[in-house]
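Below are the chains, spelled out letter by letter.
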Amino acid sequence: MTVTLECRDLTKTYTSTDPPTDVLRGVDLSVRSGEFVAVMGASGSGKSTLLHGLSGMDRPTGGTVHLEGRDLTALTDAQMSRARLTRIGFVFQQAHFLPNLSIRDNVLLPALKAAPREQRAVLERVDALLERFGIAHVRDHASTQVSGGQLQRASICRALATEPAVLLADEPTGALNSSMSREVMDAFTDVHAAGTTIVMVTHDPACAARADRVVYLRDGRETGTRALGPWHAEDAARREDELLGWLRTLGF
Amino acid sequence: MSPARALRWRQVRGDLRHDAAVNVALVVVVALSACLMGTGAMVMERLLSSVDRLFEVAQPPHFLQMHKGEVDLAALTRFADRHPEIESWFVEEMVGFDGAALAWERPATGASGDLGESLIDNLFVAQNETFDRLVDAADAAPVPEDGEVYVPVAYQESIGLQVGDLLTVATSSGPRTWEVRGFVRDAQMASSLSSATRFVVSESDLAALTAAGGGQPEVIVEYLLTDPGLASDLERAYAADPALPKNGQAVTYTMIRTLHAISDGLAAVALVLVAALLIAIALLVIRFVVRGRLEDDVRQIGAMRAIGIPARDIGRVYLTRYSLLAAVGCAVGGALAVLAVPLLTRGVQTHYGAAAAGGRGTLVLLVALAAVALVVVLGCRRALRLVRRVEVVDALVHGSTLDRRQSRRRARRQARRARRTSLAGARGGVTRRLALIDLRADARQWSLVPVVFFLCAFLMGLPAHLLSTLESPRFLTYMGAPQVDVRADLQLADDLEALRTDLTAALTADDRVADVQVHALVLADVEAPDGRRTVRVEVGEGAAQGIEMIDGAAPGPGEIALSLLNAEELQAAVGDTLTIHEGDQSRSVVVSGVYQDVTSGGKTAKMHGDPPPGATGYTFFVDLAEGVDPVALAASYDERFEDVTVLPMTAYVEQTMTHVTSAFRATAVLATAFGLGVATLITVTFLQLRLARERRAMGTLSAVGFSTAEILGQLRGKTAATAAVGAGLGAVGAVTLGGPVLDVLVASAGVGLAHLELAPDPWVATGGAVALVAAAWLAAVGLTVRLRGASTSTWLRD
């Protein structure tokens, strides 16, 4: 299987603090096409910074990031934005929806920006996504009028609307209760099953157990990786136990 | 200091440091308002103090009547005896010379020149003993020896005459020369709008000068009253007495004072008006800043209220902070005003003398500053009422300043908006569509920009348009003159009739001249409801042709057109019949129209007909053939006819209005600088706060694939678009609302105008708006340029 996303010796140092803080200290990560990778670690271990570096929202201090063989760190701001628009989808802990747009328009926004001349196709794709994730009935609602779970599913729709090469998710269930978390993780699982490559940061072993592989970060370094194999719902409890056992050996 | 107060101060200090840029901008806006308000108030106070002081030492008459010709002293004595309110009176004898007859020379350097360019009458007088004294820099009334002259301070200023220079007057019996011994200030004719000025010579020199010929003898009958308030009554009584000399202007004490205030107080009034606009802008910005600050601090406010600190105390922390900023702004503005006042009162000091800078000036400044500070603090208090409405739970949990009902309402509004708007089918691209949606959603906040830019464009446009109106050829119609190329004035000459014939013949024979109109100036006694009035009438073929009437039409045979002030004074309207006395004969004329005129104190009249004999002067209105240069023609005639002042109309307007136009030019330049400066400052402040508020939305856009350049471009575009709307409306407003504002100003000034048609300069109007939008754009670029290359992920964090 081909490698979709890869970073080598990725470092990030914040110089605004005194002394400077090394958040990432040389992380190597390869994500194969169609793979679902969960990144875990304690608070401050550099999980989110790694994701921001992979998406190009942050310029790393050192190292390289390759997406589909293209070095993102060598791109200009405009090229990087274009890559993020067309090849990367992002789901945040907070949905970060524009309050003056409906759910559908928020989902539509990146897709329409990426392909303004293919409006009809884009609309059909977006409506199909909303239908698929069970939120078509709230598509004309404002973001303040729907539940957290619906909002995060809409976030996933937004991230998928441009048919990206990789979906990055930063604690997508962090602000949700357990039933909504399950809803959202089911959506991720569906997306993965349809062949989408996913890198998800989470602190929740139950969420991480859905991934093919779990990478563990501590103090900005990768300290372990564990393959879990393909997800089966009936196997959930065993996977979670196994993962927890492994995490404990890493000091989780 | 109590612990609570110490805590409050610590908090205020911390807050001030935290928002340094916004705070500095606030201080600057308040300081500018305070500076202008303080300067305007102080200039006004200086002017009034100086006028008061000059009036105190010089004692101008409470009522005066000018006259040319014989004076019946017995009739004047009888009149004075009948009026016990007359404390003192005398007849001042003068001899007037045209500027062209006066020359000066500096023996030390050989420098020389003449006063030919000056349009005002130069009157030679002897020093008055009882009142209406002409005073020098030391407030003394100098009495010159034979061969010495004291020159009006205006000439010291305009031509740089010095003590020791020689002044020569060309008389019919040869030149007569005096040595300049000093300069005098003239309470009666100090105003820069006054049409005459007085030179002081000795009694015997005056008698010799009058006898020498070449000058026009004139008298002023002057009265000092026990109560200046009785001047108008005396004026009426004087006008009603047929035996008294009165073929010139009659002037009261109030008119002299008003004239001083108008001519030199205009700039001060303009400053106060500009300051008022700036204060309005400052209030808008303060409201925006305070609300923005409270929204940012809402969790902190919620926490303070949760631990039991009363809303009043929390509000006081903010109020202390903004009061401190207002105080600093007012202090800085006050200091700037103190520095600016001497620069702006230089003219006042020259004409009226320097009044001692007493406590009154300081008090006026303090009151002006206190007023500005009070308005600002009250504005803050109003905006801070929000603190009391903050609900603890909403603040802590949702970070919202809104209570539940307001939150629900806002959610409903957002839902409605979300339902109504659609990105699909958007024209002009998603970025532009998003910008429009955002502008509509946050219209209340964004409205600050167009409102401020409207005010700034208005502020910049109004004085500029007033200036272009004063400088436009159309303004001639407000000076009782038609729009012609050249004007020739023939007055104060011995051989008036001969000169008139010569000049008429020369102009008629000249093939460069297309048309000549000769108007004779006569003084006619007109019957008014409260007695007879002497009215200055211009008589000629087609007199008043080409002059815009505000009511009625130009006069035909047997008709008269009156200037606005004369129509008011004679209580005559169009269609009324007036009785005119000319010697023993009287005739009736019908008022055909009313026009506006600012010349001759605004009191003129125009009649159709042949110039009658016995005119006191003639005015020639000359239209030139295609392609003839009016400047060259005027110069050639001016040289050929020494006793005639020949000027291109443009120069005439310029000279007559130069003081007013220069005041407006300075105001226009100042207003432009202030307008642009304030607009830039407000844009920077607004965007700074807006950027903080839009961070998350910007982060979201960046995350979904918008480039930083696109995101910042959107913000700059919104700024430029809103600024353009405001500046455009302001520019249009200055043109359309400028007229009514101007009408109020001119009508209240009482200078003979009721309606002044604004002649806006389209280049100034569009140029000002474009400059404002450019300033907004540059401010937006300057503020956002540092964000290029920023880590956009930080925009998504709190």
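Residues numbered from 1 in each chain as written. Chains lettered and ligands numbered in written order. Predicted model: local features only at pLDDT ≥ 70, side-chain atom pairs only at ≥ 80, totals over all residues. Heavy atoms only, no water.

Chemist: Would you explain the overall build of chain B in this entry?
Modeler: Scanning chain B from terminus to terminus reveals 24 helices and 22 strands. Looking at chain B as a whole, 52% of its 798 residues are labelled buried. A sequence separation of at least 24 residues applies to 82% of the contacts in chain B between residues at least 6 apart. The distance from the centre of the 71 positive side-chain charges to the centre of the 85 negative ones in chain B is 29 Å. (Helix = DSSP H or I, 4+ residues; strand = E, 2+ residues; numbered from the N terminus. Buried < 20%, exposed > 50% of the residue type's maximum accessible area, 1.4 Å probe, protein only. Contact = heavy atoms within 4.5 Å. Lys, Arg positive; Asp, Glu negative; His and termini not counted. Charge placed at Lys NZ, Arg CZ, Asp CG, Glu CD.)

Chemist: What is the right way to look at the packing of helix 3 (residues 103-114) of chain A against helix 5 (residues 148-160) of chain A in this model?
Modeler: When two helices pack together, their arrangement is given by the angle between their axes and by how far apart the axes lie. Residues and elements named next belong to chain A. The geometry of helix 3 relative to helix 5 is characterised by a closest axis approach of 8 Å and an angle of 25 degrees between their N-to-C directions. Judged by the angle between their axes, helix 3 and helix 5 are roughly parallel. Considering the relative orientation of helix 3 and helix 5, their crossing is right-handed. Each of Ile 103, Asn 106, Val 107 and Pro 110 in helix 3 lies in contact with helix 5, whose residues at this interface are Leu 151, Ala 154, Cys 157 and Arg 158. Its residues assigned to classes, the contact of helix 3 with helix 5 comprises 6 nonpolar, 1 polar and 1 charged. (Axes fitted to C-alpha atoms, helices over the stretch in contact; angles between N-to-C directions. Parallel < 35°, antiparallel > 145°, perpendicular 65-115°, else oblique. Left-handed = near helix turned anticlockwise from the far one by under 90°. Nonpolar A, V, L, I, M, F, W, Y, C, P; charged D, E, K, R; others polar.)

Chemist: Whenever I open this one, a negative patch on the surface confuses me. Can you help?
Modeler: Together, Asp495(B), Asp502(B), Glu642(B) and Asp643(B) make up a region of like negative charge exposed at the surface. Topologically, Asp502(B) is positioned in helix 18 (residues 496-509). (Patch = residues over 30% accessible without salt bridge, like charges linked within 9 Å, V, L, I, M, F, W, Y side chains within 5 Å. Areas by Shrake-Rupley, 256 points an atom, 1.4 Å probe, with all protein chains shown as cover. Salt bridge = Lys/Arg side-chain N within 4 Å of Asp/Glu carboxyl O.)

Chemist: Can you walk me through empty space enclosed by the protein in this structure?
Modeler: Rolled over the atoms, a probe with the dimensions of a water molecule shows which regions are left empty. Applying the stated criterion across every chain yields a total of 4 cavities of 30 Å³ or more. Counted as a void, the largest cavity has a volume near 70 Å³. Taken together, Arg84(A), Leu85(A), Ile88(A), Gly89(A), Phe90(A), Pro110(A), Arg158(A), Ala159(A), Thr162(A), Ala703(B) and Val704(B) form the lining of the largest cavity. Secondary-structure elements contributing two or more residues to the lining of the largest cavity are helix 2 (77-87), strand 6 (88-91) and helix 5 of chain A. Looking at which element gives the most residues to the lining of the largest cavity, the answer is strand 6 of chain A, with 3 residues. Among the residues forming the lining of the largest cavity, the class breakdown is 7 nonpolar, 2 polar and 2 charged. (1 Å grid on protein atoms, 1.4 Å probe; cavity = no way out; pocket = protein on both sides within 12 Å on 5 of 7 lines; lining within 4 Å. Points joined across faces, edges and corners; volume = space filled by probe spheres on them.)

Chemist: For this particular structure, what's the right way to read the environment of Gly292(B)?
Modeler: Residue and element names in this part refer to chain B. Along the chain, Gly 292 turns up in helix 7 (residues 253-296). Judged by relative accessible area, Gly 292 falls into the buried class, the value being 0%. Taking C-alpha positions, Gly 292 is 33 Å from Arg 427, a pair spaced 135 residues apart along the chain.

Chemist: Sorry, what's going on with the packing of aromatic side chains here?
Modeler: Note on aromatic pairs: each is described by the distance of the centres and the angle between the planes. Applying the stated criterion across every chain, the model contains 16 aromatic pairs over all chains. When the centroid spacing of 5.4 Å and the interplanar angle of 85 degrees are considered together, the rings of Phe79(B) and Tyr238(B) count as edge-to-face. Of this pair, Phe79(B) sits in helix 3 (residues 73-82) while Tyr238(B) sits in helix 6 (residues 231-240); the two residues are 159 residues apart in sequence, bridging distant segments of the chain. Take Phe79(B) and Tyr238(B): they sit in the same class, and that class is buried. In textbook terms, an aromatic cluster arises when at least three aromatic residues are bridged by ring pairs, as seen for Phe63(B), Phe79(B), Trp89(B), Tyr223(B) and Tyr238(B). Across the ring face of Phe706(B), the terminal group of Lys113(A) is positioned such that the distance to the ring centre comes to 5.0 Å. (Phe/Tyr/Trp six-rings, centres within 6.5 Å; stacked < 30°, edge-to-face > 60°. Lys NZ or Arg CZ within 6 Å of the ring centre and 35° of its normal.)

Chemist: Teacher, can you tell me more about the pairing of strand 10 (residues 221-227) of chain A here?
Modeler: Here is the key point about a regular strand: its side chains alternate between the two faces of the sheet. Residue and element names in this part refer to chain A. Strand direction decides the pairing type here: strand 9 (residues 213-218) and strand 10, joined by 6 bridges, are antiparallel. Paired with Arg 218 across the bridge in strand 10 is Arg 221. Counted between consecutive antiparallel strands, the loop separating strand 9 from strand 10 contains 2 residues, among which Asp 219 sits at a positive phi close to 50 degrees. (Pairing = 2+ DSSP bridges.)

Chemist: Would you mind showing me how to read unusual backbone geometry here?
Modeler: If a residue is not glycine, its phi is most likely negative; likewise, a peptide bond is most likely trans. Here the residue pair Asp18(A) and Pro19(A) is connected by a cis peptide bond, since its omega of 0 degrees sits within 30 degrees of zero. Mapped onto the secondary structure, Pro19(A) falls in the loop between strand 1 (3-14) and strand 2 (21-32). For Glu68(A), which is not glycine, the phi torsion reads 50 degrees and is therefore positive. Topologically, Glu68(A) is positioned in the loop between strand 4 (62-67) and strand 5 (70-71). Relative accessible area serves as the criterion here: at 43%, Glu68(A) is assigned to the partly exposed category. In this structure, Asp132(B) takes a positive phi of about 50 degrees despite not being glycine. Along the chain, Asp132(B) turns up in the loop between strand 5 (121-126) and strand 6 (134-135).

Chemist: Just checking my understanding: could you explain helix 14 (residues 404-420) of chain B for this structure?
Modeler: Turn by turn, an α-helix covers 3.6 residues, leaving residues three or four places apart pointing in a common direction. All names here are of chain B. A rise of 1.5 Å per residue sets the reference length of helix 14, with its 17 residues, at 24 Å; its end C-alpha atoms lie 24 Å apart and thus fit the reference within 8%. Taken together, the buried positions of helix 14 are Gln 414, Ala 415, Arg 417 and Ala 418. Down the axis of helix 14, the smallest arc covering the buried residues is 165 degrees, so these residues share one side. Away from its buried face, by an angle of more than 90 degrees, helix 14 presents the exposed residues Arg 405, Arg 419 and Arg 420. If you follow the buried residues of helix 14, they end up packed against helix 15 (429-441). (Expected span 1.5 Å × (residues − 1). Arc of directions from axis to C-beta.)

Chemist: Honestly, the side chain of Glu35(A) in this entry has me stumped. Any pointers?
Modeler: Residues and elements named next belong to chain A. Tracing the backbone through its elements, the reader meets Glu 35 in the loop between strand 2 and strand 3 (36-41). A distance of 2.7 Å separates the side chain of Glu 35 from the side chain of Arg 213, its partner in a polar contact. Beyond its immediate sequence surroundings of up to four residues, Glu 35 is in contact with Ser 30, His 192, Thr 196, Thr 197, Ile 198, Asp 212 and Arg 213. (Polar contact = N/O pair within 3.5 Å; in protein donor to acceptor, adjacent residues only side chain to side chain.)

Chemist: Would you mind going over the pattern of salt bridges with me for this structure?
Modeler: Oppositely charged side chains can form a pair if their charged atoms are brought close together. Per the stated rule, a full pass over the model turns up 36 salt bridges over all chains. Among the salt bridges present, the one from Glu242(A) reaches Arg238(A), with a minimum N-O distance of 2.7 Å. Remark: Arg238(A) and Glu242(A) occur in helix 8 (residues 236-249); sequence separation between them is 4 residues, near one turn of the helix. The exposure class of Glu242(A) is partly exposed, given its relative accessible area of 30%. Since its relative accessible area comes to 42%, Arg238(A) is described here as partly exposed. Across the salt bridge formed by Arg185(B) and Asp139(B), the nearest N and O atoms sit 2.8 Å from each other. Taken together, the positions of Arg185(B) in strand 9 (residues 174-186) and Asp139(B) in the loop between strand 6 and strand 7 (148-152) put the pair 46 residues apart, joining distant regions of the chain. With relative accessibility at 23%, the residue Asp139(B) sits in the partly exposed group.

Chemist: Help me understand the sheet that holds strand 5 of chain A in this model?
Modeler: Hydrogen bonds between backbone groups are what pair the strands of a sheet, and the pairing can be parallel or antiparallel. Residue and element names in this part refer to chain A. Ordered by their spatial adjacency, 4 strands build an open sheet running 2-1-4-5, and the pairing between neighbours is antiparallel. Edge positions in the open sheet fall to strand 2 and strand 5, since each of these has one partner strand only. Inspection of the sheet shows strand 1 paired to strand 2 by 9 bridges, in the antiparallel sense. By the bridge assignment, Leu 10 is partnered in strand 2 with Val 27.

Chemist: Could you clarify how one ought to interpret the nonpolar core in this entry?
Modeler: In terms of nonpolar packing, the biggest core is built from 142 residues, with Ile156(A), Phe188(A), Ile281(B) and Leu434(B) touching the most fellow members. For this core, the element with the highest residue contribution is helix 7 of chain B, accounting for 13 residues. If you look at the next biggest cluster of nonpolar residues, it comprises 42 residues, including Leu503(B), Val537(B), Val594(B) and Met607(B). (Core = buried A, V, L, I, M, F, W, Y, C linked by side-chain atoms within 4.5 Å.)

Chemist: I keep staring at a nonpolar patch on the surface and nothing clicks. Help me out?
Modeler: Judged by side-chain polarity, Val328(B), Val332(B), Leu336(B) and Leu339(B) come together as a nonpolar surface patch covering roughly 330 Å² of accessible area. Mapped onto the secondary structure, Leu339(B) falls in helix 9 (residues 311-344).

Chemist: Teacher, can you tell me more about the interface of chain B and chain A here?
Modeler: Size of an interface: often given as the accessible area lost when the parts come together. Across the boundary between the two partners, chain B contributes 37 residues, which contact 32 residues of chain A. Summed over both sides, the interface of chain B with chain A buries roughly 2,800 Å², with 59% coming from carbon and sulfur. The tally of links from chain B across to chain A stands at 1 salt bridge. Between Glu710(B) and Lys113(A) there is a salt bridge whose closest N-O contact spans 2.5 Å. Elements that contribute at least two residues to the side of chain B that touches chain A include exactly helix 14, helix 15, helix 21 (649-703) and helix 22 (708-736) of chain B. Ranked by the residues each element gives to the side of chain B that touches chain A, the list is headed by helix 21 of chain B, at 7 residues. Taken together, the residues of the side of chain B that touches chain A sort by class into 17 nonpolar, 14 polar and 6 charged. (Buried area = accessible area lost by both parts, 1.4 Å probe.)

Chemist: Could you clarify how one ought to interpret the packing of helix 17 (residues 448-471) of chain B against helix 24 (residues 762-784) of chain B in this entry?
Modeler: Residue and element names in this part refer to chain B. Here helix 17 crosses helix 24 at 145 degrees, and the two axes come no closer than 10 Å. The way helix 17 lies across helix 24 gives a crossing that is right-handed. In this structure, helix 17 contributes Phe 453, Cys 456, Ala 457, Met 460, Ala 464 and His 465 to the contact, and helix 24 contributes Val 764, Ala 765, Gly 768, Leu 772 and Ala 776. Per-class residue counts for the contact of helix 17 with helix 24 are 9 nonpolar, 2 polar and no charged.

Chemist: Whenever I open this one, the confidence of the model for chain B confuses me. Can you help?
Modeler: Detailed reading of the predicted coordinates is not advisable wherever pLDDT is low. Averaged over all residues, the pLDDT of chain B equals 82, while 90% of them reach at least 70. The least confident element of chain B is helix 23 (residues 738-749) of chain B, whose mean pLDDT is 70; the most confident is helix 22 of chain B, at 92. (pLDDT = per-residue confidence, 0-100.)

Chemist: Would you explain helix 4 (residues 119-132) of chain A in this entry?
Modeler: Residue and element names in this part refer to chain A. Taking 1.5 Å per residue as the helical rise, helix 4 with its 14 residues ought to reach 20 Å, and the 20 Å between its terminal C-alpha atoms agrees with that figure. If you check which residues of helix 4 are buried, you get Val 122, Leu 123, Val 126, Leu 129 and Leu 130. Along the axis of helix 4, the buried positions cluster into a sector of 125 degrees, meaning they face one direction only. The exposed residues of helix 4 that point more than 90 degrees off its buried face are Arg 120, Glu 124 and Glu 131. Here the buried face of helix 4 lies against helix 3 and helix 5.

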